[in-house]
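# A look at the structure
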Amino acid sequence: MPILLSNSKNRYIYSEKNKYAIFVPNPLLESQSFSENLYYQKKYEFLKEKGFFSERKIEFETNYKEYNVLLNLANLRQILIEVTDHCNLKCKYCGYGELYSNHDRRETKNQTFENTKIVIDYLIDLWNSKYNISVNNIFSVGFYGGEPLLNVKLIKQIIEYLENKTDVKLSFDYNMTTNAILLDQYMDFIAEKKIRLLISLDGDKYGSSYRVDKNGKESFNEVVSNVHKLREKYPDYFNENVNFNVVLHDRNSVYTSTKYIRDEFGKIPRITELNSSGISKDKVEVFNRMFKSKLSSFKEFSDNNIDEDIFDKEGDNKMYYHRMLMSYTGNYYKNYFDLFSKTERSRYIPSGTCKPFEKKMFLTVNGKLLPCERIGQEFYLGTIADGKLNIDTKQISDFYSNVYRKLVSNCARCKWSTSCSQCFYFLNPNDEKISCPNIFTEKKLNNYLDWLLSYSEENPQLYFELMSNIAID
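I will try to describe carefully the structure that is included in this document. All figures in this text were calculated on a predicted structure; none of them were measured in a lab.

## With respect to the overall build of the protein
A tally of regular secondary structure across the protein gives 15 helices and 15 strands. Within the protein, the fraction of its 473 residues that count as buried is 47%. Put simply, of all contacts in the protein between residues at least 6 apart along the chain, 72% involve residues at least 24 apart. Split by element, the accessible area of the protein, about 25,200 Å² in all, is 48% carbon and sulfur.

## Side note on helix H13 (residues 393-411)
Since one α-helical turn is 3.6 residues long, residues separated by three or four positions face the same way. The first and last C-alpha atoms of H13 sit 26 Å apart over 19 residues, in line with the 27 Å expected at 1.5 Å per residue. At Arg-405, H13 is deflected by roughly 30°, the largest bend along its length. What H13 keeps buried is the set Thr-393, Ile-396, Ser-397, Tyr-400, Ser-401, Val-403, Tyr-404, Lys-406, Leu-407, Asn-410 and Cys-411. Taken together, the buried residues of H13 touch strand S4 (59-60) and helix H2 (66-74). Among the residues of H13, the N-terminal cap falls to Asp-392, whose side-chain oxygen and the backbone nitrogen of Lys-394 are separated by 3.1 Å.

## Focus on the side chain of Ser-280
The residue Ser-280 is located in the loop between strand S10 (270-273) and helix H9 (284-290) in this model. Judged by relative accessible area, Ser-280 falls into the buried class, the value being 10%.

## Topic: the nonpolar core
Within the largest apolar cluster, 92 residues are counted, with the highest numbers of intra-cluster contacts made by Phe-139, Val-141, Phe-143, Leu-197, Val-227, Phe-244 and Met-361. For this core, the element with the highest residue contribution is helix H4 (residues 152-163), accounting for 7 residues. Excluding residues within four positions of it along the chain, Val-141 makes contact with Ile-79, Ile-81, Ile-158, Leu-162, Phe-172, Asp-173, Tyr-174 and Asn-175. Judged by nonpolar contacts, the second largest core, of 17 residues, contains Tyr-12, Tyr-321, Trp-416 and Leu-452.

## Some thoughts on the packing of helix H3 (residues 113-127) against H4
Two numbers describe how H3 lies on H4: the axes approach to 10 Å, and their chain directions differ by 30°. Judged by the angle between their axes, H3 and H4 are roughly parallel. Every pair of crossing elements has a handedness; the one defined by H3 and H4 is right-handed. Here Phe-113, Thr-116, Lys-117, Ile-120 and Asp-121 of H3 come into contact with H4, specifically with Leu-154, Gln-157, Ile-158, Tyr-161 and Leu-162.

## Digging into the environment of Lys-214
The topology assignment puts Lys-214 in the loop between strand S8 (196-200) and helix H6 (220-233). On the accessibility criterion, Lys-214 (52% relative accessible area) is exposed. When residues no more than four places from it in sequence are discounted, the contact partners of Lys-214 are Cys-87, Asn-88, Leu-89 and Lys-90. A polar contact is formed between the side chain of Lys-214 and the backbone oxygen of Cys-87, at a distance of 2.3 Å.

## Some details on the state of the cysteines
Summed over the entire model, instances satisfying the criterion amount to 0 disulfides. Sulfur of Cys-414: no disulfide; nearest cysteine sulfur belongs to Cys-420 and is 6.5 Å away.

## Brief notes about the sheet that holds strand S12 (residues 361-363)
A sheet is described by the order of its strands in space; here 10 strands give the open sequence S10-S9-S8-S7-S6-S5-S12-S13-S14-S15, paired in mixed fashion. Edge positions in the sheet fall to S10 and strand S15 (388-390), since each of these pairs with one other strand and no more. Taking the axes of each pair of neighbouring strands and ignoring which way they run, one obtains an average angle of 20° across the sheet. One ladder, built from 3 bridges, connects strand S5 (residues 78-82) with S12; its direction is parallel. Note on S12: the bridge partner recorded for Ile-81 is Leu-363.

## A short note on unusual backbone geometry
For the bond running from Gly-145 to Gly-146, omega is 20°, close enough to zero to count as cis. Although it is not a glycine, Phe-357 sits at a positive phi angle of roughly 65°. For Phe-357, the location among the structural elements is in the loop between strand S11 (347-348) and S12. Classification of Phe-357 by relative accessible area gives buried; the value is 0%. Its identity is not glycine, yet Asp-386 carries a phi of approximately 55°, on the positive side.

## Things to note about the sheet that holds strand S1 (residues 3-5)
The 3 strands lie next to each other as S1-S2-S3, forming an open sheet whose pairing is antiparallel. At either end of the open sheet lies a strand with only one pairing partner, and these are S1 and strand S3 (20-24). When the angles between neighbouring strand axes are averaged without regard to direction, this sheet yields 35°. As judged from the 3 bridges shared by S1 and strand S2 (residues 11-15), these two strands associate in the antiparallel manner. If you follow Leu-5 over to S2, its bridge partner there is Arg-11. The sheet contacts of helix H14 (residues 442-458) involve S1, S2 and S3, and relative to S1 the element is tilted by about 50°.

What counts and how
- Residues numbered from 1 in each chain as written.
- Predicted model: local features only at pLDDT ≥ 70, side-chain atom pairs only at ≥ 80, totals over all residues.
- Heavy atoms only, no water.
- Helix = DSSP H or I, 4+ residues; strand = E, 2+ residues; numbered from the N terminus.
- Buried < 20%, exposed > 50% of the residue type's maximum accessible area, 1.4 Å probe, protein only.
- Contact = heavy atoms within 4.5 Å.
- Areas by Shrake-Rupley, 256 points an atom, 1.4 Å probe, with all protein chains shown as cover.
- Expected span 1.5 Å × (residues − 1).
- Bend = angle between axes of the 7 residues up to and from the residue.
- Polar contact = N/O pair within 3.5 Å; in protein donor to acceptor, adjacent residues only side chain to side chain.
- Core = buried A, V, L, I, M, F, W, Y, C linked by side-chain atoms within 4.5 Å.
- Axes fitted to C-alpha atoms, helices over the stretch in contact; angles between N-to-C directions.
- Parallel < 35°, antiparallel > 145°, perpendicular 65-115°, else oblique.
- Left-handed = near helix turned anticlockwise from the far one by under 90°.
- Disulfide = S-S within 2.5 Å.
- Pairing = 2+ DSSP bridges.

In short, the description is geometric, and any link to function would need to be established separately.
Structure (structure tokens):
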């Protein structure tokens, strides 16, 4: 029965079973003496008698059914296509460069239209099957690399093929991650098709100095020039469809990168950390020197008392507060089925790993199908070989079920298990035993709950704002 203390010294008893915090008077709470307030004493005794403070029992569901894999595929809403593994840059921290060993060898190879068509036709069959329970949805097609603009021919073929598919009750939109070196050559086509762009730029000239070509020449001036050309020629398209991705490292920071891109292009970029999975053993020291976490960079921003309105300083707090409300208060329903359920949801799938093809499918130039582009390419869930798609949904369900079973011993000890965000692909899922480094102790969880109550007290209007503006799916 956690006893929580807010910043204003108000105390609460928290019911893990009911996800509910009850305010109680301060004096002698630890000994359950409420003599100074008979109302709270009787309330506490009544709730205790009715089992309100009994321990919450959590069960883990480790059997992931084949039917669910098919359901995910039929309702998939995003495919990411590796258009080419060729790139006109050689960024020093590249996820496919010498720092990492968990990817296929890069051979300046292009994706084929035939392979892409095979996957799309497979998905179309599922979209038209009984497994598709979605309606009026938009399917997102992403173009990835390498540098995707090195294979624009394929991008045009894919878009034309999808635009001519009249037997599919879906709308399509397109996105691309690009280094912008060739942007000036293809911006007319990109703007015409309204392809949403995520431009890789790490801030100012020094912040972007790891982004070099194969001769070591920095790409910054060329990229900035091309982006300005796009903005000047297609201002409306630029405002609506262009954003930036900053990779955080030892030569930039959240503040410097965000400020530069805000001042130069009027955009607030997405900030990502270097991928810490699959690092080559002989490059660990180099990686550690380059790595910078978002948390440490935000702290650096705060410690220097920089009073620049470059982003919503409360944005992360609001997002975290919302997540805590969903996880640790009882007024949250994930969907309509939860709303009408008469029983408490008490069975959880171990870890926070996305279910197979629940959110995304990634097709590599070598014909591998993965659930995400950020995980090691040894963890493919299907292949295309000799013009044939090989995807065994039973094998996939068995693999996930097996990993879930190995994770249960970790999750059973963790107080964050029902809200976990840890992806098991970063924990060596093929090992006989899997050890999670992020297990939450009761003390750590109570500190988080203290923060939740403190933030709630300090921002009373925010609770009603979030509850009024968030709809059930």
